[in-house]
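Coordinate analysis (summary)
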Amino acid sequence: MTLPATSLPTALAPEQPLLQVRGLTKDYGAGRGCRDISFTLWPGEILGIVGESGAGKSTLLDCLGGFAVPDAGRADYASRLFGPVEIFGLSEARRRRLARSEWGFVHQDARRGLRMSVSAGGNVGERLMAEGERHYGSLRARATDWLQRLELDADRIDDPPSQFSGGMRQRLQIARNLVTEPRLLLMDEPTGGLDLSVQARLLDLLRGLVRGLDLSAVLVTHDLGVVRLLCDRVLVMEGGRIVEEGLTDQVLEDPQHPHSQRLVASILPV
Ligand SMILES: Nc1ncnc2c1ncn2[C@@H]1O[C@H](COP(=O)(O)OP(=O)(O)OP(=O)(O)O)[C@@H](O)[C@H]1O
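Residues numbered from 1 in each chain as written. Predicted model: local features only at pLDDT ≥ 70, side-chain atom pairs only at ≥ 80, totals over all residues. Heavy atoms only, no water.

1. Some words on the overall build of the protein chain
- Within the protein chain, the regular secondary structure consists of ten helices and ten strands.
- In terms of C-alpha radius of gyration, the protein chain reaches 19 Å, essentially the compact-globule figure of 18 Å for 270 residues.
- Along the first, second and third principal axes, the C-alpha set of the protein chain runs to 55 × 45 × 35 Å.
- Buried residues in the protein chain amount to 50% of all 270 residues.
- For the protein chain, restricting intrachain contacts to residue pairs at least 6 apart in sequence, the fraction spanning at least 24 positions comes to 67%.
- Per element, the accessible surface of the protein chain, about 12,500 Å² overall, is 50% carbon and sulfur.
- Of the side chains in the protein chain, 32 bear a positive and 35 a negative charge, and the two mean positions are spaced by 5 Å. (Helix = DSSP H or I, 4+ residues; strand = E, 2+ residues; numbered from the N terminus. Rg over C-alpha atoms; globule rule 2.2 N^0.38 Å. Buried < 20%, exposed > 50% of the residue type's maximum accessible area, 1.4 Å probe, protein only. Contact = heavy atoms within 4.5 Å. Areas by Shrake-Rupley, 256 points an atom, 1.4 Å probe, with all protein chains shown as cover. Lys, Arg positive; Asp, Glu negative; His and termini not counted. Charge placed at Lys NZ, Arg CZ, Asp CG, Glu CD.)

Now the structure itself:
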């Protein structure tokens, strides 16, 4: 049953978690996947997940995004539409509804998050249409607005993303995700594979947008520079488990676990 709009809770109190993950495990055998992951995400917070290749970062994010089914654990989410829900136990219909309205998922490879043969405007407008918007003028105006917010030329609104550069595709994927003003954004290496100058501009844009929209995000990356720029808190993973967690400055300045120390020493200049 869908709650009537008037009874929908709109904002969360800052002390009320947006997402609480407990004991999340995805076992691919031979020690691969992720194990016993627990963390809390607070409203307005950007949480970074870092670790070397194979640490289990994407597995964790894929479970939260509905791309992989966990073997154990739960994730309690404070939904705007449905109130408190446990996301792994949701019906497919409710999960889809949340995925296109309250959640966003930004893939490293923008082609996974876009429809490559549909126009840029169509890619952005699609989520609005799925939410019931039918007015062509309004769809086009909102798509134009979001293209511009992501510094994409509004004149390219009718071009398909197959004609865009990598950086433009990534910005389009972000526009598509943000147009419904989601509450929770999951991002897997959003700047991976882009030129350094393109990365820097995209990170600046992302920082402004995430803060401006007051959404919460879980961001997977192996790049501690990205974490330093964007994340309030960070979890360090090794071998599928969390080995350290703390405020970003704390973990980057004074890492406690040997794995975090190696990671920081290998990436950041002293
Ligand atoms: N679908 C799958 N089937 C089998 N094993 C998998 C699958 N997906 C991931 N794994 C394994 O689980 C482990 C964690 O992989 P995952 O992709 O989550 O790591 P990661 O930290 O995101 O690494 P990277 O930074 O390289 O993407 C790896 O050993 C990987 O080979």
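The rest of the description comes next.
2. Side note on the nonpolar core
- Among the nonpolar cores identified, the biggest contains 45 residues, and V124, W146, L150 and L172 are the most heavily contacted of them.
- No other element matches helix α7 (residues 196–213), which puts six residues into this core.
- Lining this core are residues from two domains, each supplying at least three of them: domain 1 (19–102 + 182–265) and domain 2 (119–181).
- Of all hydrophobic cores here, the second largest spans 34 residues; its members include I37, F39, A78 and F105. (Core = buried A, V, L, I, M, F, W, Y, C linked by side-chain atoms within 4.5 Å. Domains from an automatic or database assignment.)

3. Concerning the pattern of salt bridges
- If you walk through the whole model with that rule in mind, you get 20 salt bridges.
- Note that R233 is salt-bridged to E245, the shortest N-O span being 3.2 Å. Pair noted here: R233 is in strand β9 (residues 233–238) and E245 is in strand β10 (residues 241–247), with a separation of twelve residues, a long-range link.
- We classify R233 as buried; its relative accessible area is 12%.
- Overlapping salt bridges, with partners in common, bring together E151, R201, D204 and R207 in one network. (Salt bridge = Lys/Arg side-chain N within 4 Å of Asp/Glu carboxyl O.)

4. Here's the deal with the packing of aromatic side chains
- Scanning the entire structure with this criterion turns up two aromatic pairs.
- Pairing F67 with F105 gives two aromatic rings, centres 4.8 Å apart and planes at 80°, and the pair type is edge-to-face. On the criterion of sequence distance, the pair formed by F67 in the loop between α1 (57–65) and β4 (72–79) and F105 in strand β6 (residues 103–106) is long-range, its members being 38 residues apart.
- Exposure remark for F105: the relative accessible area of 11% places this residue in the buried category.
- Between Y77 and W103 the ring centres are 5.4 Å apart and the planes differ by 75°, which places this aromatic pair in the edge-to-face class. (Phe/Tyr/Trp six-rings, centres within 6.5 Å; stacked < 30°, edge-to-face > 60°.)

5. Description of the sheet that holds strand β2 (residues 32–41)
- The four strands lie next to each other as β2-β1-β4-β5, forming an open sheet whose pairing is antiparallel. Strands at the two margins of the open sheet, each flanked by one partner only, are β2 and β5 (83–86). Here the strands of the sheet are splayed against their neighbours by 20° on average, with no regard to which way each runs.
- For strand β1 (residues 19–29) and β4, the ladder comprises five bridges, and the chain directions are antiparallel. Across the sheet, residue Q20 finds its bridge partner in β4, namely D76.
- α1 contacts β1, β2 and β4 of the sheet and is inclined by roughly 120° relative to β1. (Pairing = 2+ DSSP bridges. Axes fitted to C-alpha atoms, helices over the stretch in contact; angles between N-to-C directions.)

Geometric descriptors of this kind do not, in isolation, establish any biological role.
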